[in-house]
Amino acid sequence: MIRQWILKLSDWGYQKIVKPRLFQQSAQKSHDELLRWLSVADNSKTLMMLASWLNALTMHKRRITIGGTTLHYPFILAAGFVKGLGFENEEKARYAVKCGMNIIPGWQCVPVLLGAVEFGSFTRYPRLGNQGEVIWRNTKTQSTQNRIGLKNAGSVASAEFLCANKKKLPPIFGINIAPSPGVTDEAQETREVIESIEAFLSRGVVPTWFTLNLSCPNTEDDPTGNQTEHKTRHLCKAVVDFLQSYPYHMPLWVKISPNLAPKQYQILMRVFTEVGVKAVIATNTLPQPSPNQPNINAGVGGGFLHPHALNAAEQLQKARFEINSHVDVIGCGGVMDGISYTRYKALGIYVVQYWSALVFRGILAPQLIESESND
Ligand SMILES: Cc1cc2nc3c(=O)[nH]c(=O)nc-3n(C[C@H](O)[C@H](O)[C@H](O)COP(=O)(O)O)c2cc1C
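The rules behind each value
- Residues numbered from 1 in each chain as written.
- Predicted model: local features only at pLDDT ≥ 70, side-chain atom pairs only at ≥ 80, totals over all residues.
- Heavy atoms only, no water.
- Helix = DSSP H or I, 4+ residues; strand = E, 2+ residues; numbered from the N terminus.
- Rg over C-alpha atoms; globule rule 2.2 N^0.38 Å.
- Buried < 20%, exposed > 50% of the residue type's maximum accessible area, 1.4 Å probe, protein only.
- Contact = heavy atoms within 4.5 Å.
- Areas by Shrake-Rupley, 256 points an atom, 1.4 Å probe, with all protein chains shown as cover.
- Lys, Arg positive; Asp, Glu negative; His and termini not counted.
- Charge placed at Lys NZ, Arg CZ, Asp CG, Glu CD.
- Polar contact = N/O pair within 3.5 Å; in protein donor to acceptor, adjacent residues only side chain to side chain.
- Phe/Tyr/Trp six-rings, centres within 6.5 Å; stacked < 30°, edge-to-face > 60°.
- Lys NZ or Arg CZ within 6 Å of the ring centre and 35° of its normal.
- Salt bridge = Lys/Arg side-chain N within 4 Å of Asp/Glu carboxyl O.
- Patch = residues over 30% accessible without salt bridge, like charges linked within 9 Å, V, L, I, M, F, W, Y side chains within 5 Å.

1. Considering the overall build of the protein
Step number 1: A count of helices and strands for the protein gives 13 helices and 14 strands.
Step number 2: For 375 residues, the compact-globule estimate of 2.2 N^0.38 gives 21 Å, and the C-alpha radius of gyration of the protein, at 19 Å, lies within 12% of that figure.
Step number 3: Taken along its principal axes, the extent of the C-alpha atoms in the protein is 50 × 50 × 45 Å.
Step number 4: Counting the 375 residues in the protein, one finds 59% classified as buried.
Step number 5: Contacts in the protein between residues far apart in sequence, at least 24 positions, make up 77% of those at least 6 positions apart.
Step number 6: For the protein, the accessible area works out to roughly 16100 Å², and carbon and sulfur atoms hold 56% of it.
Step number 7: Counting 38 positive and 29 negative side-chain charges, the protein places the averaged centre of each group 7 Å from the other.

2. Things to note about the side chain of Ser30
Step number 1: With respect to the helices and strands, the residue Ser30 is situated in helix H2 (residues 27-42).
Step number 2: Residue Ser30 is classed as buried on the basis of its relative accessible area of 12%.
Step number 3: Here Gln25 takes part through its side chain, which lies 3.3 Å from a polar atom of the side chain of Ser30.
Step number 4: Residues contacting Ser30, with those up to four places away along its chain left out, are Leu22, Gln25 and Arg137.

3. Some points on the packing of aromatic side chains
Step number 1: In the structure shown here, the tally under the stated rule is 11 aromatic pairs.
Step number 2: By way of ring pairs, the aromatic residues Tyr73, Phe75, Tyr341 and Tyr354 are connected into one cluster.
Step number 3: Here the guanidinium or amino end of Lys19 rests over the ring plane of Phe23, the centre of that ring lying 5.5 Å away.

4. Focus on the pattern of salt bridges
Step number 1: Applying the stated criterion across every chain, the model contains 18 salt bridges.
Step number 2: Its salt-bridge partner being Glu88, residue Lys92 comes within 3.3 Å of it at the nearest N-O pair.
Step number 3: The exposure class of Lys92 is partly exposed, given its relative accessible area of 43%.
Step number 4: Ionic pairing is found between Glu189 and Lys231, a salt bridge with its closest N-O pair at 3.5 Å. Within this pair, whereas Glu189 is found in helix H7 (residues 186-201), its partner Lys231 is found in helix H8 (residues 229-244), the two being separated by 42 residues in sequence.
Step number 5: Judged by its relative accessible area of 21%, Lys231 falls in the partly exposed class.
Step number 6: Each of Glu90, Arg94, Arg124, Glu160, Glu195 and Arg203 takes part in one network of salt bridges that share partners.

5. Quick notes on a nonpolar patch on the surface
Step number 1: A surface patch of nonpolar side chains, about 540 Å² in accessible area, is lined by Trp5, Leu9, Trp12, Ile17 and Val18.
Step number 2: For Trp5, the location among the structural elements is in helix H1 (residues 2-22).

In C-alpha cells:
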C-alpha cells in the first residue's frame, strides 16, 4: 500500500514537475549536471539515507537466479550510467584517485537507490570520449541517443578507486569491460581485456559478474566486427579461462548488438554455450545518424531501440532452446513501462537491464515498471 502510494507520487512528481523543467534544457546539460549531483549524493549522508529509505519502501525484493549468480531483483541498471569520468592518460587518472577525487560519480548512491548496477564500460586505458554535444533525447519516441565514446578512467584507476572504497561497495554489482577501440591485433586485444579484469580482481574488487561489451557503437570500431564467430570465441574463451583460474567463480556475461542477422545470433549462442559464457545481454544501442552530424552515427536506446532489441532477444531465445543451451538471455532495450517489460517476459526473459527509462520515468523507474507489469 505505502509502496504504491510512493510510486504514484514519484511518477506524478516526475512527469508534472521535474521532467518539464529538466527537458527545457538540452540532454547534454542535464547529463553534465547529473554527474555533479551524483558526486554530491555519494558524499551526502542525508541523501544516502533518503536513497536507502526509498529503496527499502519501494523495491519488492526476492531471489532470482540468472547468468550463474543470484540477484535480489529482476532489474539491473545497464552499463554507461555509472561509468566514471574521462581522463587523458593513466597517470592523470591515478593521480586523481590519489587526491581523493570521486572518479566514478554515483558508485555509492545509485546502487543504494536502485539495487544491482553494472559499472563501466571500462577500457584498459583511460579515454576522454568524444567531445562536444554527444547525448540527445527524443521525447516523441522516448529515446536517448549518445556517442559518448567509452569515456572512462581506465581499468587500473577505476579499480584503485573502487578498492579504496571497498568496504562501501554494494553487495551485488557487475563490471562491464570493453575491448580497447582501435586495437586490431587479436593477442593485444585479449591481453588488454584480461589486464582490465585482473586490475579489479588483484585489488580485491570482486563483482558479482563481469560483462564483456562486444558491441559499443560509438567508437572508431565497427562493433559488428567484434562479433564474428572467431573473434567472439577467442576472446570469450580467454576470459572464461582466466576467470576460472580465480577462486571466486564469477560468471561472464556478454553484451551484443541489435540488428545482427538471425544466423549470427544462432552462431553467437552456440559459441557462448561452448565456451562457458553464462548470460548474454541483448542489446546495446542501435547506431543511427547523430542529430547534429548526420554523417556520424550515435547509439539509440529507449523506445526506438525496443523492437530491435526484442527481436534480438527472441532470436537468441530461439537458438537457446534449439541447442538446449544453459546461457541465459537478459533483455536490454526500451524497457520503459509495464507493457515493454511484459514483452520480454512473454519470451521467457524476466531479468532486464534499463537506462533510458531513468530519463523518461524518473529515479524510481524500475520499481514503477515492475509495479505496472503486475497490474
Ligand atoms: C549515455 C549512455 C551511455 C552508455 N554507455 C554504455 C557503455 O559504456 N557500455 C555499455 O555496454 N553500454 C552503454 N550504453 C548502453 C546501455 O547500457 C543500454 O544497452 C542501452 O541504452 C539500451 O537500453 P535502454 O533502451 O534502456 O536505454 C550507454 C547508453 C547511454 C544512453
